[in-house]
Amino acid sequence: MFQTFKEWFWLERFWLPPTIKWSDLEDHDGLVFAKPSHLYITIPCAFGLMILRHFFEKFIASPLAKTLGIKEEVRKKIMPNTVLENFFKHSTRQPSQTDIYGLAKKCNLTERQVERWFRSRRNQDKPCRMKKFQEACWRFTFYLLITIAGIAFLYDKPWVYDLWEVWNGYPRQALLPSQYWYYVLEMSFYWSLLFSLGSDIKRKDFLAHVIHHLAAISLMSFSWCANYIRSGTLVMIVHDVADFWLESAKMFSYARWKQTCNILFFIFSTVFLISRLIIFPFWILYCTLILPLHYLEPFFSYIFLNLHLMILQVLHVYWGYFILKMLKRCIFMKDTNTYASWLAGILLCENKSWH
């Protein structure tokens, strides 16, 4: 059964243009073509990034946080109570007055003591600013470095300046080492984020983050297997270029550097709006949706790719709308509480899947 599914899954009509066979993409004459097996390395690389992250947060992010004025929070230990702990974990974190009355009787405590216990217990689960800073600092560092790497990988490629070159010779386009490492680093990072969700700060949109990371990995894997690598690298650089600005704004938000936070969030907003609402639809989507029709008849993977990119563009418009609302409130309406407005925007961004 597995072999039958495998043969069906890799049918050429799903992945390649008509008349093209997998045999046409076999390595020859020193030319290497993208293969699914190339992506296996992203899993061990993801674990390597997780190890690197551990030492980065300990020896770089933590000292930097302290330099910026963030201190380790010492929280008072609460009195162990099995009854209250079980109720907290299995019933609700916010007991009603009736629940408090019953628990107080059961534990031989006053209602005030029960209320204080639940308040202290909830505070224990709140992530400290140091932990938030460490996570934001790690993501900032990766996004900054991968953006620099992406520019270094792409600056001399002809398809960056002439979009017709993206489809010239498709799908018989040999794999370049820079393309290989760009994909491996991006996918490894998203695998590492997925694997570390259990130990990272628990957010309300935990499931949304799981879906986002899986969707990002799936879309990159699909573009790799169908040899949409040239357009795939363009999509990645357009998304990476805004992310490190957001993470830097969050870092200074946690450090409570108000003016710096304001400036960085404004830069992030500008870069996001330009890259996602101008460059992506009028450069990337034009490249993937319109230009291929001059070379090829529409086929399954062409439709699949562009459907996902158009859904992605709808999300860009959706989040761009919220960013513009924040900018309008803070700039044109001259909101007196500017920092609070920027901070609200940053926290909104923190809980959404911008990528």
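To be clear, the structure that these remarks concern was listed above.
Residues numbered from 1 in each chain as written. Predicted model: local features only at pLDDT ≥ 70, side-chain atom pairs only at ≥ 80, totals over all residues. Heavy atoms only, no water.

Caption draft 1: Spatial organisation of empty space enclosed by the protein. Inspection of every chain in the model, using the stated rule, returns 2 cavities of 30 Å³ or more. Approximately 40 Å³ is the volume attributed to the second largest cavity. Lining the second largest cavity are Gln173, Ala174, Leu175, Gln179, Asn227, Ile229 and Arg230. When the residues that make up the lining of the second largest cavity are grouped by side-chain class, the tally is 3 nonpolar, 3 polar and 1 charged. (1 Å grid on protein atoms, 1.4 Å probe; cavity = no way out; pocket = protein on both sides within 12 Å on 5 of 7 lines; lining within 4 Å. Points joined across faces, edges and corners; volume = space filled by probe spheres on them. Nonpolar A, V, L, I, M, F, W, Y, C, P; charged D, E, K, R; others polar.)

Caption draft 2: Expanded view of a nonpolar patch on the surface. A cluster of nonpolar side chains, contributed by Ile51, Phe55, Phe59 and Ile60, occupies part of the molecular surface with about 420 Å² of accessible area. Considering the arrangement of structural elements, one finds Ile51 in helix 3 (residues 42-67). With a relative accessible area of 52%, Ile51 lands in the exposed category. (Patch = residues over 30% accessible without salt bridge, like charges linked within 9 Å, V, L, I, M, F, W, Y side chains within 5 Å. Areas by Shrake-Rupley, 256 points an atom, 1.4 Å probe, with all protein chains shown as cover. Salt bridge = Lys/Arg side-chain N within 4 Å of Asp/Glu carboxyl O. Helix = DSSP H or I, 4+ residues; strand = E, 2+ residues; numbered from the N terminus. Buried < 20%, exposed > 50% of the residue type's maximum accessible area, 1.4 Å probe, protein only.)

Caption draft 3: Region of the structure containing the environment of Pro80. With respect to the helices and strands, the residue Pro80 is situated in the loop between helix 3 and helix 4 (82-90). Taking the relative accessible area as the measure of exposure, Pro80 reaches 76% and is therefore exposed. In this structure the C-alpha to C-alpha distance between Pro80 and Trp117, which are 37 residues apart in sequence, comes to 9.4 Å.

Caption draft 4: Expanded view of the packing of helix 4 against helix 5 (residues 97-107). Interhelical geometry of helix 4 versus helix 5 gives an angle of 150 degrees and a closest axis separation of 10 Å. With respect to their mutual orientation, helix 4 and helix 5 come out roughly antiparallel. Contacts from Val83, Leu84 and Phe87 of helix 4 reach helix 5 at Asp99, Leu103, Lys106 and Cys107. Along the lines of polarity and charge, the residues of the contact of helix 4 with helix 5 split into 5 nonpolar, no polar and 2 charged. (Axes fitted to C-alpha atoms, helices over the stretch in contact; angles between N-to-C directions. Parallel < 35°, antiparallel > 145°, perpendicular 65-115°, else oblique. Contact = heavy atoms within 4.5 Å.)

Caption draft 5: A look at the side chain of Ser188. Relative to the helices and strands, Ser188 resides in helix 9 (residues 177-195). Side-chain polar atoms of Ser188 contact the backbone oxygen of Thr42, separated by 3.4 Å. When neighbours within four sequence positions are excluded, Ser188 is seen to be in contact with Thr42, Cys45, Ala46 and Leu49. (Polar contact = N/O pair within 3.5 Å; in protein donor to acceptor, adjacent residues only side chain to side chain.)

Caption draft 6: Just helix 5, in detail. The set of residues buried in helix 5 consists of Ile100, Leu103, Ala104 and Cys107. All buried residues of helix 5 project into a common sector of 105 degrees when viewed along the axis, lining one side. In helix 5, the exposed positions that point more than 90 degrees away from the buried face belong to Thr98, Lys105 and Lys106. Positioned one or two residues after helix 5, Asn108 has a phi angle of 60 degrees, which is positive. (Arc of directions from axis to C-beta.)

Caption draft 7: Spotlight on the environment of Val32. Inspection of the secondary structure puts Val32 in the loop between helix 2 (12-15) and helix 3. The class of Val32 is partly exposed, set by a relative accessible area of 35%. On a C-alpha basis, the gap between Val32 and Gln173 in space is 8.9 Å, while along the polypeptide they are 141 residues apart. Sequence-distant contacts of Val32, defined by excluding residues within four places in its chain, comprise Asp27, His38, Ala174 and Leu175.

Caption draft 8: Region of the structure containing the pattern of salt bridges. Inspection of every chain in the model, using the stated rule, returns 12 salt bridges. The residue Glu12 makes a salt bridge to Lys21 at a minimum N-O spacing of 3.9 Å. When the shortest N-O distance is used, the salt bridge between Lys35 and Asp27 registers 2.5 Å. Salt bridges sharing common partners tie together Arg53, Glu57, Lys131, Glu135, Arg139, Glu247 and Lys250.

Caption draft 9: Highlighting the nonpolar core. Counting 88 residues, the largest nonpolar core has Phe133, Trp224, Tyr228 and Phe280 as its most contacted members. The element contributing the most residues to this core is helix 11 (residues 229-254), with 13 residues. Not counting the four nearest positions on each side in its chain, Phe133 is found in contact with Ala61, Leu64, Ala65, Leu68, Ile70, Met251 and Tyr254. Counting residues in hydrophobic clusters, the runner-up holds 11 residues, among them Ile78, Phe87, Ala104 and Phe118. (Core = buried A, V, L, I, M, F, W, Y, C linked by side-chain atoms within 4.5 Å.)

Caption draft 10: Representation of the packing of aromatic side chains within the structure. Taken as a whole and judged by the stated rule, the model has 38 aromatic pairs. Residues Phe14 and Phe300 carry aromatic rings whose centres are separated by 5.5 Å and whose planes lie at 50 degrees to one another, so their mutual orientation is tilted. With Phe14 in helix 2 and Phe300 in helix 13 (residues 300-332), the pair connects residues that are 286 residues apart, well separated along the chain. For Phe14, a relative accessible area of 16% gives the class buried. Seen from their ring centres, Phe252 and Trp257 are 5.5 Å apart, and the 55 degrees between their planes marks the pair as tilted. With relative accessibility at 18%, the residue Phe252 sits in the buried group. (Phe/Tyr/Trp six-rings, centres within 6.5 Å; stacked < 30°, edge-to-face > 60°.)

Purely spatial values, then, with no claim about function.
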